[in-house]
Amino acid sequence: MVGVVPDAEARGLADRYVRLIRAGDGDKAPDFGRAPAWWPDDGGGEAFFERSTAPSGLLEPTSVAHRFADFVEDAKVSTAATDAVEEETMTLMPEEVGDGLFVATARKANPVAALYHGLGARRSAMLPGWFGNFLLSADEVRTVLPRAERALLLSGAQRSAALSRIADWMTVMGDTPDCHAAELIDAPLRVIRHAARARSGVAAFSRWY
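Residues numbered from 1 in each chain as written. Predicted model: local features only at pLDDT ≥ 70, side-chain atom pairs only at ≥ 80, totals over all residues. Heavy atoms only, no water.

Participant: Would you take a moment to explain the pattern of salt bridges for this structure?
Facilitator: Once the charged atoms of two side chains with opposite charge are near each other, the side chains can pair. One pass over the full model with this rule turns up eight salt bridges. Note that R159 and D186 form a salt bridge whose closest N and O atoms lie 2.9 Å from each other. Taken together, the positions of R159 in helix α7 (residues 156–172) and D186 in helix α8 (residues 181–198) put the pair 27 residues apart, joining distant regions of the chain. By relative accessible area, which is 29% here, D186 ends up partly exposed. Salt bridges sharing partners connect three or more residues here, namely E86, E87 and R207. (Salt bridge = Lys/Arg side-chain N within 4 Å of Asp/Glu carboxyl O. Helix = DSSP H or I, 4+ residues; strand = E, 2+ residues; numbered from the N terminus. Buried < 20%, exposed > 50% of the residue type's maximum accessible area, 1.4 Å probe, protein only.)

Participant: Honestly, the environment of R11 in this entry has me stumped. Any pointers?
Facilitator: Topologically, R11 is positioned in helix α1 (residues 7–16). Given a relative accessible area of 52%, R11 falls into the exposed group. In sequence terms R11 and E140 are 129 residues apart; their C-alpha atoms lie 9.9 Å from each other.

Participant: Looking at this structure, I do not really get the packing of aromatic side chains. What am I missing?
Facilitator: Within a pair of aromatic rings, the relevant descriptors are the distance that separates the centres and the angle that separates the planes. Summed over the entire model, instances satisfying the criterion amount to nine aromatic pairs. Judged by centre distance (6.4 Å) and plane angle (65 degrees), the ring pair of F68 and F131 falls under edge-to-face. Of the two residues, F68 is situated in helix α2 (residues 63–75) and F131 in the loop between α5 (121–124) and β5 (134–136); the sequence distance between them amounts to 63 residues. The two residues F68 and F131 agree in class, both being buried. Their ring planes at 90 degrees and their centres at 5.9 Å tell us that F68 and W169 sit as a pair that is edge-to-face. One end of the pair, F68, is in helix α2; the other, W169, is in helix α7, with 101 residues separating them in the sequence. W169 carries the same exposure label as F68, and that label is buried. Ring pairing ties together the aromatic residues F48, F49, F68, F71, Y116, W130, F131 and W169, which thus form one cluster. (Phe/Tyr/Trp six-rings, centres within 6.5 Å; stacked < 30°, edge-to-face > 60°.)

Quick look at the structure:
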């Protein structure tokens, strides 16, 4: 979910719930930082998917894909404070999907992991926040917009490769073969650009049900 929020709320929202932060909130498992050591090198050449030897020849995830999926899911911090911020943020976003709101839904597969796999580590590092989670004021939106454009405005060949990788992830790691891969690339940038024009903030996060 990526959506515009009023600038004043974006600047003051976190402070409103700081009282809910407790010691140890956000602590990671000891091996959290070691698991994705190969990610900055786009997986270090390791394959995320391999063709099955069965007659179907379908793609199957390797241990690398599962490791990356776990890393992206574990990167999201869920505490009383962050949950409260997300709940209120949802009430501040537009009610209808459009220029100011994008929502990607899927079963099993994580659309954020799909996008980051599609873009690769170098381009993903240009995106704001931490694996699809951020809260930006209007000033911060204008600051991050040029980097977001460099990450998401792809040439023909680059875009085709990214779309293929996103579709592979959503198909193999979940059951969404008809996912709209192009929207995962285009829609977040559309929302950020809309916020920049409107001098609004932007928030993004994932929710599992």
